Amino acid sequence: MKRYILVRLLKSIVSIFLVVSIVTLMLFTLIPRMNIFEKDGAYKKLNGDAKTSYVYTKLDELGYLDFVRQSEMCALASDVTACNNNDADQIAEVTKLYEEKGYNVKTMLNGTLYGYYDYKPFEILWNYFSKVIVVDNPDFVKNTYGVELENTGYYFGLDYNNIPALMCNGSQYKYQIYFDASFPFIHQNIIHFNFGKSYPTKAGMNTLDVIGFGQGELKSKDVTFETGQTFKSPVNLHTAKYKVSLDGLDSKKFNDNYADCDSYYQAPSMVNMSYLMGIISIIITYGLAIPAGILMSRKKDKLADKIGLVYINILNSIPSLAFIFFMRQIGLMIGLPASFPQLGYFDIRSYIMPILILGLMSTPSLMTWTRRYMLDQANSDYVKFAKAKGLSEKEVFNKHILKNAIIPIVNGIPASIILCISGAFITESAFSVPGMGKMLPDSIKLLNNNMVITLVFIFTTLSVLSVFAGDLLMTVVDPRIQLTSKKGE
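The present account deals with the structure reproduced in this document. Source: prediction; values computed, not measured.

As summarised here, the arrangement of the 4 strands in space is 5-6-7-8, forming an open sheet in which the pairing is antiparallel. Of all the strands in the sheet, the pair left with one neighbour each is strand 5 (153-158) and strand 8 (186-188). Ignoring strand direction, the axes of neighbouring strands in this sheet form an average angle of 20 degrees. As judged from the 6 bridges shared by strand 5 and strand 6 (residues 164-169), these two strands associate in the antiparallel manner. In the sheet register, Leu-158 faces strand 6, and the bridge partner there is Pro-164.

The next subject is a nonpolar patch on the surface. Among the surface-exposed residues, Ile-133, Val-135, Ile-191 and Phe-193 lie close enough to one another that they form a single nonpolar patch of about 380 Å² accessible area. Where the nonpolar patch is concerned, the elements lending two or more residues are strand 4 (133-135) and strand 9 (191-193). Following the sequence through the fold, Ile-191 ends up in strand 9. On the accessibility criterion, Ile-191 (44% relative accessible area) is partly exposed.

Here we come to a positive patch on the surface. Taken together, Arg-298, Lys-299, Lys-302 and Lys-394 make up a surface patch of like positive charges. Tracing the backbone shows Lys-299 in the loop between helix 11 (270-298) and helix 12 (303-317).

Turning to helix 14 (residues 349-361), a few remarks are in order. With 13 residues, helix 14 should reach 18 Å at 1.5 Å per residue; the first-to-last C-alpha distance of 19 Å fits that figure. Buried within helix 14 we find Ser-350, Tyr-351, Met-353, Pro-354, Ile-355, Ile-357, Leu-358, Gly-359 and Leu-360. Where helix 14 is buried, its residues contact helix 11, helix 12, helix 13 (320-333), helix 15 (363-378) and helix 19 (425-430).

Cut-offs and rules
Residues numbered from 1 in each chain as written. Predicted model: local features only at pLDDT ≥ 70, side-chain atom pairs only at ≥ 80, totals over all residues. Heavy atoms only, no water. Pairing = 2+ DSSP bridges. Helix = DSSP H or I, 4+ residues; strand = E, 2+ residues; numbered from the N terminus. Axes fitted to C-alpha atoms, helices over the stretch in contact; angles between N-to-C directions. Patch = residues over 30% accessible without salt bridge, like charges linked within 9 Å, V, L, I, M, F, W, Y side chains within 5 Å. Areas by Shrake-Rupley, 256 points an atom, 1.4 Å probe, with all protein chains shown as cover. Salt bridge = Lys/Arg side-chain N within 4 Å of Asp/Glu carboxyl O. Buried < 20%, exposed > 50% of the residue type's maximum accessible area, 1.4 Å probe, protein only. Lys, Arg positive; Asp, Glu negative; His and termini not counted. Charge placed at Lys NZ, Arg CZ, Asp CG, Glu CD. Expected span 1.5 Å × (residues − 1). Contact = heavy atoms within 4.5 Å.

As structure tokens, this is what we get:
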């Protein structure tokens, strides 16, 4: 079993890598690169050399090419000063050097050189994946900022709550491992994923931060800082990162340069928003559909079964969008808001209709399969044998039919729970819910490449792992199921 799990995990990693690689290459090679500037307001305001420099700087940041200016090119000249002063011989020298490397060397309107090297497909993938996993270390400040710190390394200490934590001097993050009251209670800042920065929306912000940071207004509270001073502040001190220079206010709060902190927000992040609504909707789905499917199978061709079939047929035949707007009208009639922003994050009425709709939309399929599995098992030979032995209908149902019929349903539970994070595109769009559902189509429309890749990675990983978790859960529910074959079989 251990070998099977290891092989399955390796196959999952390969599958995720292949899917993300294909999407990455499609975005970087099949879509005209200049299209990414269509929604960039800053690009539209620029002209001349400023626009040229801006375009190539952005393309460099996003991983399309390597952009070098004359000052960088002249570093390879035999006479750097003369090259920077546009000496013809030195300019010709560096131009030849860079062209031999595969760079396109051109001249701006003001006469200065610039060059760019278009990455080949395998280079795009290497540059992207080589930076995805970032491991914090005691040499981070030295390598990034060129600042030599004294006594670099890991040490144990107390955080601002006087709780033991593993800390580090010289790393990007001060707190490497720490504890707090938020699930899963043990947190780390040692390993981070870096999928690049969002662009053109939320420009300059890491894609994972866009997804994971809270929303709305900042949430301030009384915070006692390292200096002993207490201020009203929204900062999360456990996220303290190294800051090259401190301002006057920083000096009043911190004893060192680890003063760059993330903030708390009043509203949940997009991930948490979609997950909260998704989990509750799943409870509604399973809480209604499974008992209804079981009742329909026990009362086959009777009133309960006929009513259930009518319900299933109606919901299956109505387009999702029509059902959503129909339910929204019902909500309006009983005083519920037509869109999420009307009452906002902190009013429970904002959540009722989106969650109820998500839950009801998934019930027909689950009811159908539950009924079908129950009826299939009811017609099995072992059920007839159990009845022949004199077992009552209730005993046959509870001990045999239900136990076997529930197995394929259990297989889909992990996927339902895990994939809540992806949100529901139509429902969240109809109610203007600030969740994950709209992010992928919106990112594709805006050509936000890094965000698309990030979301594809997240959704692919969750999909692959949910299938794996479903298979493992089936072996727990029914030990007779084996995921591996024995020797000789």
